[in-house]
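One letter stands for each residue in the lines below.
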Amino acid sequence: MQSATETGSSVQNSQSETRKSARIVFTLTVFTSAFLLFAIQPMFTKMVLPQLGGSPAVWSVAMVFFQALLLLGYLYAHLSTRYLPTRVAVILHICLLLLTFITLPIAVASGLGKPPVEGQMFWLIGVFTFSVGLPFFAVAGNGPLLQAWFARTGHRDAGNPYFLYAASNLGSFAALLLYPVLFETTLRLPQQSTYWSTGFAFLTVLIGCSGTIMQLAQNAGTVKLQDAKIAERLALPMIAKYIWLSFIPSALLVAVTAHISTDVASAPFMWIIPLALFLLTFVLIFRDQPLVPMPVVLVAIPAMAGLTFITKLFDFNIFFTLGTHLMFFFASALMYHHRLYVLRPKAEQLTQFYLWMSFGGVLGGIFSGLLAPYIFNSILEYPILVSLVMLAHPAVRGASRKDVLQFMAPTAALGFSAIGLVYMLQGTALIESGHLLVPMIIVASFIVTGAFRHPLVQASLIPFVFVLLAFKFGSVFGTVFERSFYGVYRMSIHENGQFRVLTHGTTIHGAMRIANPDGTPYSGPVKPLSYYHSDGVLAETLKRLPLNPAGRDIAIVGLGTGAQACNGMAGDRFTYYEIDALVAKIALDASKFRFMSECAPNAKIILGDARLTLADQTQASYDYLLLDAFSSDSIPVHLLTREALALYTARLKDNGLLVIHISNRNMELQSVTAALARDAGLFIKGRILAEATGRFEDRFPSSVVVLAKKPETLDAFTQQNGWDKPMN
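Residues numbered from 1 in each chain as written. Predicted model: local features only at pLDDT ≥ 70, side-chain atom pairs only at ≥ 80, totals over all residues. Heavy atoms only, no water.

Asks: Would you mind showing me how to read the confidence of the model for the protein here?
Replies: Predicted coordinates in regions of low pLDDT should not be interpreted in detail. Per-residue pLDDT for the protein has a mean of 79; in total, 82% of the residues score no lower than 70. Low pLDDT (under 50) marks residues 4-14, which in the prediction has two contacts with non-local residues, meaning those over four places away or in another chain. Low confidence marks residues 224-229, where pLDDT is under 50. Its contacts with residues over four positions away, or in another chain, come to nine contacts. (pLDDT = per-residue confidence, 0-100. Contact = heavy atoms within 4.5 Å.)

See below:
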């Protein structure tokens with residue numbers, strides 16, 4: 001029989017061992033929870049992406065949705081730890097996790113039907129809610145909840161559980177890093193969903209262990225923080241700071257992601273990069289000794305801002321340009337998140353802190369992802385956010401009235417003077433040539449980068465540089481912007497008023513002559529230009545298609561301005577598959593572009609994602625099918641898959657021709673299409689037209705491949721004419 005002393009010693013040893021294991025168990029639980037939380041985002045977005053044409057806006061809406069559910073999870077964690085006894089809170093959370101198993105494995109809910117022509121955002125939010133709402137919510141609040149539980153374990157680190165937040169973000173970062181490298185490349189989506197369900201079961205066990213450890217500490221009476229103790233509320237000024245400091249990096253995250261996914265590739269692996277950097281900032285900064293020197297960060301922010309302006313003026317390598325934007329975003333997020341950590345409250349107010357942080361993040365996501373497309377016709381939210389970033393710079397935040405008068409006032413006066421001068425000279429050769437604007441922007445940009453460094457001067461100049469850039473690229477001089485769920489379309493006048501051009505991001509969707517070289521209105525027949533020039537490669541594919549006395553059935557995926565219709569022959573029957581109703585509205589407006597009204601007035605336009613709408617046209621059989629679905633410089637990747645290619649060939653006649661326009665500054669796609677053709681048993685030839693004059697009346701450089709079921713269909717595409725088998 002043990003003595004009382006021995007029994008007490010045994011109990012103390014047991015409690016000591018429990019407290020020692022607490023850090024390991026809680027860290028593993030938080031890491032696993034965060035890993036699952038951020039693995040679900042690219043996985044499910046990839047599931048739903050094809051239904052909306054691979055639009056970058058899908059990811060923007062997805063991030064807003066996930067941020068909103070994260071806020072609800074944080075609210076649940078706050079209310080649970082504030083008002084419920086710990087035993088009840090643990091039981092409630094375990095029940096929530098068990099209930100979630102009913103909704104697994106994760107898949108796209110089928111009850112909402114196909115995407116609508118308008119209101120895609122609301123449809124998408126509904127799909128996310130019914131498909132992953134409960135699983136995501138069940139995991140969303142674990143970060144602050146487990147930190148609050150750890151604070152009640154009696155561990156020596158219980159008074160400062162913020163190290164678990166770093167573990168949480170490390171788990172999130174690991175998920176985002178491994179998804180494109182491992183999961184996406186080795187597992188199909190149903191397999192990914194199954195593995196996620198297995199991980200969720202493991203998490204449920206870990207949370208049960210964490211709750212048990214907390215309960216043992218509570219029962220032992222070694223924890224000072226009691227269930228009945230209610231932490232005092234945070235002061236309103238401090239809440240406002242938390243919201244503001246969370247708002248800017250979150251809004252900037254959505255804006256930067258939209259820029260990347262528009263101008264490089266509409267693919268989840270590209271979208272993950274800024275989100276991973278966002279999470280990495282928490283790992284590096286949410287600690288007493290930051291792993292990144294803040295003086296370096298404070299210098300990098302204006303330097304990167306200045307370089308982003310320079311990249312707008314010159315055609316740098318796309319990866320250098322994107323790297324500049326990402327570095328600016330990364331440094332900005334580091335600065336804001338470091339400020340958040342400095343202002344963090346004591347452990348008893350931890351859940352309130354995360355709740356208001358999350359609320360600010362949701363507001364930022366809503367601003368850039370949902371409101372901005374309706375408020376602004378162009379992507380104005382990005383320059384606004386870049387300008388606001390500098391407000392958190394210590395030198396700006398702590399500026400005295402004397403500093404403002406000495407540095408900001410003269411800089412603002414100079415900026416207004418420059419803008420006034422440019423405005424007065426609008427329409428002159430000095431402005432049209434860029435001989436005045438470009439040097440002004442370069443000088444101002446180098447000042448912002450730190451060449452003549454003072455943060456107040458840099459902060460004051462940033463908005464003026466954006467205005468000068470707007471002058472440079474025509475957004476002030478009569479350019480018309482229109483915006484939809486799928487992007488921003490710019491109609492601008494070029495070459496001294498001779499041509500009207502429709503552009504999306506960096507890709508030209510069509511150009512039409514509207515004036516003669518002498519400035520008089522052009523009244524001749526409409527002629528296709530740029531990529532669709534009558535001497536270009538795309539026009540050649542229609543000319544080499546055999547004629548049919550009964551007329552040829554021609555389908556085109558991607559409407560643009562409808563210029564390709566003018567390369568057809570009399571009797572051709574055109575069907576356009578277009579995802580964006582706004583593009584159809586622009587193309588059919590004869591006051592803007594006359595290709596459709598003059599060359600294909602009876603063309604059929606089918607709205608919706610081409611993979612879905614083509615699948616519905618079960619009776620369709622085409623002589624010619626052109627895939628020309630560009631989104632800025634990217635091609636929706638779901639349109640270049642084995643499944644998609646099988647669908648296209650199923651809609652072709654036996655001697656039909658499949659044409660894919662793969663012109664792209666950033667990606668080599670000939671080998672991709674060649675590999676797909678080989679796997680599908682199709683025959684393929686390609687042609688690259690490289691020469692360019694820069695004038696809209698001339699043909700543009702193009703890269704095009706043609707595919708067919710029979711080799712003789714491609715007999716007209718000879719090597720003498722520049723056509724050859726692409727390398728694969």
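Asks: Is there a simple way to think about the nonpolar core in this case?
Replies: A general trend in soluble globular proteins is that nonpolar side chains are found buried together. Of all hydrophobic cores here, the largest spans 181 residues; its most connected members are Ile 106, Phe 128, Trp 196 and Met 335. Leaving out residues up to four positions away in the same chain, Trp 196 has contacts with Leu 36, Ala 39, Ile 40, Met 43, Leu 104, Ile 106, Pro 135 and Val 139. Counting 29 residues, the second-largest nonpolar core is a separate cluster that includes Leu 614, Leu 625, Leu 639 and Leu 658. (Core = buried A, V, L, I, M, F, W, Y, C linked by side-chain atoms within 4.5 Å. Buried < 20%, exposed > 50% of the residue type's maximum accessible area, 1.4 Å probe, protein only.)

Asks: How should I be thinking about the environment of Phe 683 in this particular structure?
Replies: Along the polypeptide, Phe 683 turns up in strand β10 (residues 683-689). The sequence separation of Phe 683 and Lys 710 amounts to 27 residues, and the corresponding C-alpha distance is 6.7 Å. Apart from the residues lying within four places of it in its own chain, the contact partners of Phe 683 are Val 706, Leu 707, Ala 708, Lys 709, Lys 710, Pro 711 and Leu 714. (Helix = DSSP H or I, 4+ residues; strand = E, 2+ residues; numbered from the N terminus.)

Asks: Can you help me understand helix α4 (residues 120-140) in this one?
Replies: Given 3.6 residues per turn, any residue in an α-helix points the same way as the ones three and four places further on. Look at α4: only 25 Å from first C-alpha to last across 21 residues, short of the 30 Å you get at 1.5 Å a residue. At Val 132, α4 shows its maximal bend, which comes to roughly 65°, and the proline Pro 135 appears one to four places after that position. In terms of burial, α4 is a largely internal element, 15 of the 21 residues being buried. (Expected span 1.5 Å × (residues − 1). Bend = angle between axes of the 7 residues up to and from the residue.)

Asks: For this particular structure, what's the right way to read the sheet that holds strand β7 (residues 604-607)?
Replies: Strand pairing in a sheet takes place through backbone hydrogen bonds and is either antiparallel or parallel in direction. A sheet is described by the order of its strands in space; here seven strands give the open sequence β7-β6-β5-β8-β9-β11-β10, paired in mixed fashion. Each edge of the open sheet is held by one strand with a lone partner, namely β7 and β10. Sheet twist, expressed as the average angle between the axes of neighbouring strands with direction ignored, equals 15°. As judged from the four bridges shared by strand β5 (residues 553-557) and strand β8 (residues 622-627), these two strands associate in the parallel manner. (Pairing = 2+ DSSP bridges. Axes fitted to C-alpha atoms, helices over the stretch in contact; angles between N-to-C directions.)

Asks: Help me out: how do you make sense of the environment of Leu 652 in this one?
Replies: By the element assignment, Leu 652 lies in strand β9 (residues 652-661). Residue Leu 652 is classed as buried on the basis of its relative accessible area of 5%. In this structure, the C-alpha to C-alpha distance between Leu 652 and Asp 553, residues 99 residues apart in sequence, is 9.7 Å. When near neighbours in sequence (up to four residues on either side) are disregarded, Leu 652 contacts Ser 621, Tyr 622, Tyr 624, Leu 625, Leu 657, Leu 658 and Lys 709.

Asks: Sorry, what's going on with the sheet that holds strand β2 (residues 487-494) here?
Replies: Strands sit in the order β1-β2-β3-β4 across an open sheet of four strands; the sheet is antiparallel. Lying at the two open borders of the sheet, with one neighbouring strand each, are β1 (480-484) and β4 (507-513). When strand polarity is set aside, the average angle formed by the axes of neighbouring strands in this sheet is 15°. As paired strands, strand β3 (residues 499-504) and β4 are joined by six bridges and run antiparallel to one another. Across the sheet, the residue bridging to Val 501 is Ala 511, located in β4.

Asks: For this particular structure, what's the right way to read a nonpolar patch on the surface?
Replies: Taken together, the side chains of Leu 72, Leu 75, Leu 79 and Tyr 83 present a nonpolar region at the surface, about 360 Å² in accessible area. Turning to its location among the elements, Leu 72 is positioned in helix α2 (residues 56-83). With relative accessibility at 45%, the residue Leu 72 sits in the partly exposed group. (Patch = residues over 30% accessible without salt bridge, like charges linked within 9 Å, V, L, I, M, F, W, Y side chains within 5 Å. Areas by Shrake-Rupley, 256 points an atom, 1.4 Å probe, with all protein chains shown as cover. Salt bridge = Lys/Arg side-chain N within 4 Å of Asp/Glu carboxyl O.)

Asks: For this particular structure, what's the right way to read the side chain of Thr 541?
Replies: One can find Thr 541 in helix α19 (residues 537-543). On the basis of relative accessible area, Thr 541 is assigned to the buried category, the value being 0%. In this structure the side chain of Thr 541 is engaged in a polar contact, spanning 2.8 Å, whose partner is the side chain of Tyr 624. When neighbours within four sequence positions are excluded, Thr 541 is seen to be in contact with Gln 564, Tyr 624, Leu 657, Val 659, Val 704, Val 706, Phe 717 and Trp 723. (Polar contact = N/O pair within 3.5 Å; in protein donor to acceptor, adjacent residues only side chain to side chain.)

Asks: So what exactly am I meant to see when it comes to the state of the cysteines here?
Replies: Disulfide: a covalent bond connecting the sulfur atoms of a pair of cysteines. Tallying each qualifying case throughout the model produces one disulfide. In this model Cys 566 forms its disulfide with Cys 599; the gap between the sulfur atoms is 2.0 Å. Between Cys 566 and Cys 599 the sulfur-sulfur dihedral comes to about 95°; the bridge is accordingly right-handed. Of this pair, Cys 566 sits in the loop between β5 and β6 (573-578) while Cys 599 is found in helix α21 (residues 595-599), placing the two residues 33 residues apart along the sequence. Take Cys 566: its relative accessible area is 18%, and that puts it in the buried class. (Disulfide = S-S within 2.5 Å.)

Asks: Explain the packing of aromatic side chains to me, please; I cannot follow it from the model alone.
Replies: How two aromatic rings sit relative to each other is set out by the distance from centre to centre and by the angle between their planes. Across all of its chains, the model carries 24 aromatic pairs by this definition. Where Phe 66 meets Phe 128, the ring centres are 5.5 Å apart and the plane angle is 85°; that geometry is what we call edge-to-face. Within this pair, whereas Phe 66 is found in helix α2, its partner Phe 128 is found in helix α4, the two being separated by 62 residues in sequence. When the centroid spacing of 5.0 Å and the interplanar angle of 80° are considered together, the rings of Phe 717 and Trp 723 count as edge-to-face. With respect to class, Phe 717 is no different from Trp 723; both count as buried. Ring pairs connect the aromatic residues Phe 44, Phe 65, Phe 66, Phe 128 and Phe 136, which therefore count as one cluster. Directly above the ring of Tyr 341 sits Arg 344, whose terminal nitrogen or CZ lies 3.9 Å from the centroid. (Phe/Tyr/Trp six-rings, centres within 6.5 Å; stacked < 30°, edge-to-face > 60°. Lys NZ or Arg CZ within 6 Å of the ring centre and 35° of its normal.)

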